[in-house]
Structures are given as structure tokens and as C-alpha cells.
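The chain contents come next:
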Amino acid sequence: MTATFEPVIGRYMHLDLFGRPHRIYVEEAGAGTPLLCLHTAGSDGRQYRALMNDARVTTGHRVIAFDMPWHGKSSPPSGWHNEEYQLTSAQYTGMILEIMTALELDRPIAIGCSIGGRIALHLALEHPERFRAIIGLQAGAHVDPYYDLNFLHRPDVHGGEVAAAIVSGLVGPDAPDSERWETLWHYMQGGPGVFKGDLYFYKLDGDIRGRVAQIDTRKCPLFLLSGEYDYSCTPEETLAVANSIPGSEVTIMKGLGHFPMSENPAEFLKHLLPVLEKIGSR
Amino acid sequence: MIETLKARANEDEALVRRGRFLTTTFLIEVGQTAWLIGIFEGRVVSVTPGPFVMPSSSFALRAAEEEWQKFWSSRPPPGSNDLMALIKRRVLKAEGNLGVFMANLRYFKEVLAKLRSQGAVA
């Protein structure tokens, strides 16, 4: 039997964020225009594994994904054991810009899903000059809580099991089993309270409804792609965002759910590749 | 149809194994019609139709018949494909001791998806 290796390289970066030292795991593959990938709440950069392994993407793009602090192979900062993790808009924005600077990324394309899609809207509004284009997956301006978030972090409920069970229905019906369960496995591996802490941003702090219409797509092109089966950020919510931002381009992806790049990469790439092509020709 | 739940659930060995620490009774309402579902160590042991005078259960799931029918269709439409989707749309009410429900959420999603006309994506 012959072992094979993916063209993906991972490294640990030491970087001060919010005044504290952090150890951040960064993966990348390919060469060309930087494509900075932002994962969903409670998961990690492995969600972008298919993009990093697809020559149609990596031939013209340097695909980069980092695990946010507390996620995947990135550690929480020293002292975490007495803290409650809560992601805020300011921290999230700051971390992305700091990591871009540290990696010397010149006006990357940003692609983010769910919380990553939400922060993409914040970036498009507040820092359009730092990006060549922004792609929001499952990006809505706000989501109302629809279950008691305390169930995500309490000793009598297994955090990983409940996180995966909560999001399992967000995977679209056509996802291949292997990709569906890989996607859910990442949720099962999340640290205690991390998914809940991310949702503080998603459901409370990151509400951008009042400002989203101020996004100026002449400064930075904005593409919104959302899966038909997502009931967390529904197609209607993405369409509402798109309708309020002149010049934004929106696609509703049939049969896909909340994790398009991870749950069903083959179908997702049919939607993403034309967008990358369009950005490349600008 | 709900009467078939016992056979459909118990033939799935992996489901029963995952539910081995679960023993409880929950109530399901399909429109005006209620059932009590008894589970013992991951196995569905009783499906009792109402009406009930004083039903005891750890929690209850209540939705209109047309909502359950969409959920139980072979390819449910968006918004009807998952218990959490129904809850998000406020058409499924989950009430009672939801700690039992949430601690075994994958189990309950998969058990109820067994009532789909064919296969089951929970």
C-alpha cells in the first residue's frame, strides 16, 4: 500500500492577539491570489480541506485557513481555565486583520461561512480597502436564538454530542455521507463552551442589521452564497441582505445546507469557481 | 403509522446501542392526537395511543399534523427536514424536561426520522 500526501501544509504561528500571546494553527495550499478562509462557529479550518485539495482553486490561489483561538489545533490563551469564552465582533475583526498582517497578505479574498459569513459583512463594511473581494457563505445580518444555548455547556450534556446533533439538520440532504459525518465530527471535537462562545457573536454581539445597507461594493465586491436547506441563516435572510446592498451578487445553492464547502464540496465548487473567476478578471 | 415505530427503531442496532443509557417516556402530539413513547435502554418498548387522562412523560413534542407529515416525507422540504428546523420556525413545541431531549438529541432525531416513508436522514 502506498501512502499519499495532500498538498496542504500546516504550521503553528505565535502571535499576540488582544494583548496576549497565542499559538495559532494555520494551513495553506496553492499559490497566487490569497484566499483567506474563515470557519463556522464551533468548528475549525478543516472545513476548507476540499478547496485546498482542488487544483482548480489552488492553481491560481494561495488558500489559507487558520483555526481561531480555542478551535481545532489552536490553543486557548494561557489563563483560559478560569475564563468564559465569548467571541465579540471587535475581537473577531481584530484577529483576522492581525493574522493577515502577520502573514503579509496583500488584499486577500476573504471567504467565511456562518459566523465567518457574518464577520465578512463586518469586514466589507469597516475594512473594504483591505480585501480584493469578500465572499459570504450562509451570511445573514442576524439570527434569533431558537434553543437554550445553555445546553451547549453543562456537565450533564455531552458538549460535542449535543453540538453535532444541533447542527446535523443544517447539512443538506444531498451531502455525501463521508463529508456529512466529517463535518459533524469537527463539531463533536469542539472544546467545552467554545461553540456557545462563538454563538455569542452570532446571535447577540454581531447583529449588523442596522448597518448592513451601508456596505459599499464599489470599494470591495461582495458575493453571497447560501444553501437552500439552511434554517439557521435562511435563503430569505441572505436575500434580504443582498437586496439591501447595491452591487452585491447572491446565489442560493439548491440542495446545500449550512456548511457548503465541507458538507458537499463537489456541488459547492460549481458555485464557487465562477465567483473566483469573476473576481480574478476584475 | 406511529405504531410502527417500535419495529422500525429497534431493528437499527447502532441506534439502540447509542441509546443504551436512555430510559424515559416522552409524549408526541400530532395535531389533536397524542402518543406516549416508552424507551428502555435505547429500545422503543411501548407506543401507547391517547387520549390520556393524566399522561406522565419527561417531555412532549407538539406540532400540527401537516408539519409532521412534511417532516416524515421521504425528502422533506427546507424548514421541515429536522426537529430543530421545526423548532426554529416555531411550529414544533418542545416542552418539559428538555435536558433529557437535548442530552440525547441525535437519538430522538433519528428515532423520529424512522417514520419517514423510506430511509432516514436525521
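Residues numbered from 1 in each chain as written. Chains lettered and ligands numbered in written order. Predicted model: local features only at pLDDT ≥ 70, side-chain atom pairs only at ≥ 80, totals over all residues.

Q: When you look at the interface of chain A and chain B in this model, what are you seeing that I'm missing?
A: Often, the extent of an interface is quoted as the loss of accessible area upon association of its parts. If you look at the interface, chain A gives 15 residues, while chain B gives 17 residues. For the side of chain A that touches chain B, the residue count by class is ten nonpolar, two polar and three charged. (Contact = placed C-beta atoms within 7 Å. Nonpolar A, V, L, I, M, F, W, Y, C, P; charged D, E, K, R; others polar.)

Q: Is there a simple way to explain the nonpolar core in this structure?
A: Nonpolar side chains tend to gather and get buried jointly when the protein is soluble and globular. All names here are of chain A. Judged by nonpolar contacts, the single largest core of 111 residues is most densely connected at Cys37, Val63, Ala110, Leu121, Ala124, Ile134 and Ile135. Looking at which element gives the most residues to this core, the answer is helix H4 (residues 115–126), with seven residues. In contact with Ile134, other than residues within four places in its own chain, are Ala110, Ala120, Leu123, Ala124, Cys220 and Leu222. (Core = buried A, V, L, I, M, F, W, Y, C linked by C-beta atoms within 7 Å. Buried ≥ 20, exposed ≤ 12 C-beta atoms within 10 Å, placed from the backbone. Helix = DSSP H or I, 4+ residues; strand = E, 2+ residues; numbered from the N terminus.)

Q: What exactly am I supposed to notice about helix H10 (residues 265–280) of chain A here?
A: Because an α-helix packs 3.6 residues into every turn, residues spaced three or four apart end up facing the same way. Residue and element names in this part refer to chain A. Taking 1.5 Å per residue, 16 residues should reach 22 Å; H10 reaches 21 Å between its end C-alpha atoms and fits that length. Of all the bends in H10, the greatest reaches close to 30 degrees and is centred on His271; the proline Pro274 follows between one and four positions later. All of the buried residues along H10 are Pro265, Phe268, Leu272 and Leu276. (Expected span 1.5 Å × (residues − 1). Bend = angle between axes of the 7 residues up to and from the residue.)

Q: Help me out: how do you make sense of the sheet that holds strand S6 (residues 133–137) of chain A in this one?
A: Working definition: the strands of a sheet are paired by backbone hydrogen bonds and lie parallel or antiparallel to each other. Residue and element names in this part refer to chain A. Taken together, eight strands build an open sheet; the order of strands is S1-S2-S4-S3-S5-S6-S7-S8 and the sheet is mixed. Strands with a single pairing partner mark the edges of an open sheet, and in this sheet they are strand S1 (9–17) and strand S8 (249–253). Strand-to-strand twist in this sheet, taken as the mean axis angle between neighbours without regard to direction, amounts to 20 degrees. Of the strand pairs in this sheet, strand S3 (residues 33–38) and strand S5 (residues 109–113) are connected by four bridges, and their pairing is parallel. Bridge pairing in S5 links Leu36 to Ala110. Of the strands in this sheet, S1, strand S2 (20–29), S3 and strand S4 (61–66) touch helix H3 (residues 89–102), which is tilted by about 115 degrees from S1. (Pairing = 2+ DSSP bridges. Axes fitted to C-alpha atoms, helices over the stretch in contact; angles between N-to-C directions.)

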